Amino acid sequence: MINYYQTQAGRGVPDFDEAPLERQRAGADYIASPALQRAINLAIFLGQPLLLTGEPGTGKTELARHLAQRLSPDGALDHFYTFNTKTTSTAQDLFYRYDSLRHFQYAQNRAEPLSDAEVEARFVQYQALGKAIKSGKRGIVLIDEIDKAPRDFPNDILDVMTELSFEVPELGLVGKQRVRTLPENRPIVIMTSNSEKALPDAFLRRCVFFHIEFPGTDQLQRILSAKGSAFSPTELQKIVAHFQQVRAACKRKKPATAELLQWTMALEQLHRSGELPIDQLDNAQGAAHDALIGSYSLLVKDKEDLKQIRKTR
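Residues numbered from 1 in each chain as written. Predicted model: local features only at pLDDT ≥ 70, side-chain atom pairs only at ≥ 80, totals over all residues. Heavy atoms only, no water.

A. Structural detail: the pairing of strand 1 (residues 50–54). The buried count for strand 1 comes to 5 of 5 residues, which makes it a mostly enclosed element. Every second residue of strand 1 is oriented toward a common face, with Leu50, Leu52 and Gly54 on one face and Leu51 and Thr53 on the other, all of them buried. Strand direction decides the pairing type here: strand 1 and strand 9 (residues 208–212), joined by 5 bridges, are parallel. Counterpart to Leu52 in the pairing with strand 9 is Phe210. (Buried < 20%, exposed > 50% of the residue type's maximum accessible area, 1.4 Å probe, protein only. Helix = DSSP H or I, 4+ residues; strand = E, 2+ residues; numbered from the N terminus. Pairing = 2+ DSSP bridges.)

Now the structure itself:
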């Protein structure tokens, strides 16, 4: 089976290695669990979309960016394409958009009809999956928050993704004259869902599914270290413990990994300035206490939660 984490662009076929990502690539800024690595490898090997669920802020989108960086030799994101799903999204929107009104208005002022090349250049805008298929190179396509789309959207796109081609009727690209790519350039498709509504069974059967659990204490400390935190391991342990206390106290909207990362960056600034030394994090008094309470605006995003936490601090 292809092990994406041990091969350049995922094209080799070495022995499958279940070691954590940080042991395979020093300095990696995204730590994937062995189970998540297996799901990624399966999705690539089978050519199926990887569907990720989990709390907002647990790294679903970040994973797609990380894979795109690994795919590119220089770490650039040249072949990373994002589609932000909306409640009005259609299958066509994932591939291209055609401005029919502007085309009609433009054509009224011309005696000669436009060529297909002119129509494409002026009025057809390729979107995430369309760009990936047209690029001629293997890329990462992130379809973010697919559960926001109309119910028919997931099923409508499956056949087209399997065939690695799509039609642009406005350019006469139908039937055999479709936009295509080669099997070796198949886009790696990552889909995320916040589970706001159920996805169709037919769609789920054709995806590799993985649920990202909220990280435990050790995992959170490793994530902070991987992101280049200036704090020592002991200080990170104290920060994570305090964060978990705040998270446990939040009943309406619990802070996620993304909020922890932002809060830790703020704590670094407060620590350097002397406003909130880390050794006073759990027993802050006076100005340090005010700074701590102020920093909670990065963690607590509900007024009732914030009111309750202020009472306990």
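B. Layout of the packing of helix 5 (residues 100–107) against helix 6 (residues 116–123). Across the interface, helix 5 lies against helix 6 with an axial gap of 10 Å and an inter-helix angle of 125°. Our classification of the angle between helix 5 and helix 6 gives oblique. Two packed elements cross with a definite hand, and for helix 5 against helix 6 that hand is right-handed. Counting all contacts with helix 5, which are made through Arg102, His103 and Tyr106, the residues of helix 6 involved are Val119, Arg122 and Phe123. A class-by-class count of the residues in the contact of helix 5 with helix 6 yields 3 nonpolar, 1 polar and 2 charged. (Axes fitted to C-alpha atoms, helices over the stretch in contact; angles between N-to-C directions. Parallel < 35°, antiparallel > 145°, perpendicular 65-115°, else oblique. Left-handed = near helix turned anticlockwise from the far one by under 90°. Contact = heavy atoms within 4.5 Å. Nonpolar A, V, L, I, M, F, W, Y, C, P; charged D, E, K, R; others polar.)

C. Spotlight on helix 2 (residues 34–46). In a regular helix each residue adds 1.5 Å, so 13 residues correspond to 18 Å; helix 2 covers 18 Å between its end C-alpha atoms and thus fits that length. Considered for burial, the residues of helix 2 that qualify are Leu36, Gln37, Ala39, Ile40, Asn41, Ala43 and Ile44. Positive phi shows up at Gly47, right after helix 2, with a value of about 70°. (Expected span 1.5 Å × (residues − 1).)

D. Molecular detail of the pattern of salt bridges. By the definition in use, this model includes 9 salt bridges. Of the charged contacts in the structure, one is a salt bridge between Glu55 and Arg247, with a shortest N-O distance of 2.8 Å. You can see Glu55 sitting in the loop between strand 1 and helix 3 (60–71) and its partner Arg247 sitting in helix 11 (residues 233–249), a full 192 residues away along the chain. The exposure class assigned to Arg247 is buried, which follows from its relative accessible area of 12%. As a salt-bridge pair, Lys253 and Glu259 come within 3.9 Å of each other at their nearest N and O atoms. Its relative accessible area of 30% is what places Lys253 among the partly exposed residues. (Salt bridge = Lys/Arg side-chain N within 4 Å of Asp/Glu carboxyl O.)

E. Structural context of the sheet that holds strand 9. Within the open sheet, the 5 strands sit side by side as 2-5-8-1-9. Their pairing is parallel. The two strands at the open ends of the sheet, each matched to only one other strand, are strand 2 (80–84) and strand 9. The average angle at which neighbouring strand axes cross in this sheet is 20°, direction not considered. In terms of strand pairing, strand 2 meets strand 5 (residues 140–144) through 5 bridges, oriented parallel. In the sheet register, Phe83 faces strand 5, and the bridge partner there is Ile143. Along the sheet face, helix 2 touches strand 1, strand 8 (188–193) and strand 9 and points at about 160° away from the line of strand 9.

F. Main features of the packing of aromatic side chains. As enumerated under the stated definition, the model contains 6 aromatic pairs in all. An angle of 10° between the planes, with centres 6.2 Å apart, marks the rings of Phe83 and Phe153 as stacked. Within this pair, whereas Phe83 is found in strand 2, its partner Phe153 is found in helix 8 (residues 152–163), the two being separated by 70 residues in sequence. The same class applies to Phe83 as to Phe153, namely buried. Ring geometry for Tyr96 and Phe166: centres 6.5 Å apart, planes at 25°, overall stacked. (Phe/Tyr/Trp six-rings, centres within 6.5 Å; stacked < 30°, edge-to-face > 60°.)

G. Representation of helix 10 (residues 217–226). Restricting attention to buried positions, one finds in helix 10 the residues Gln219, Leu220, Gln221, Ile223 and Leu224. Where the residues of helix 10 are buried, they touch helix 11 and helix 12 (257–273).

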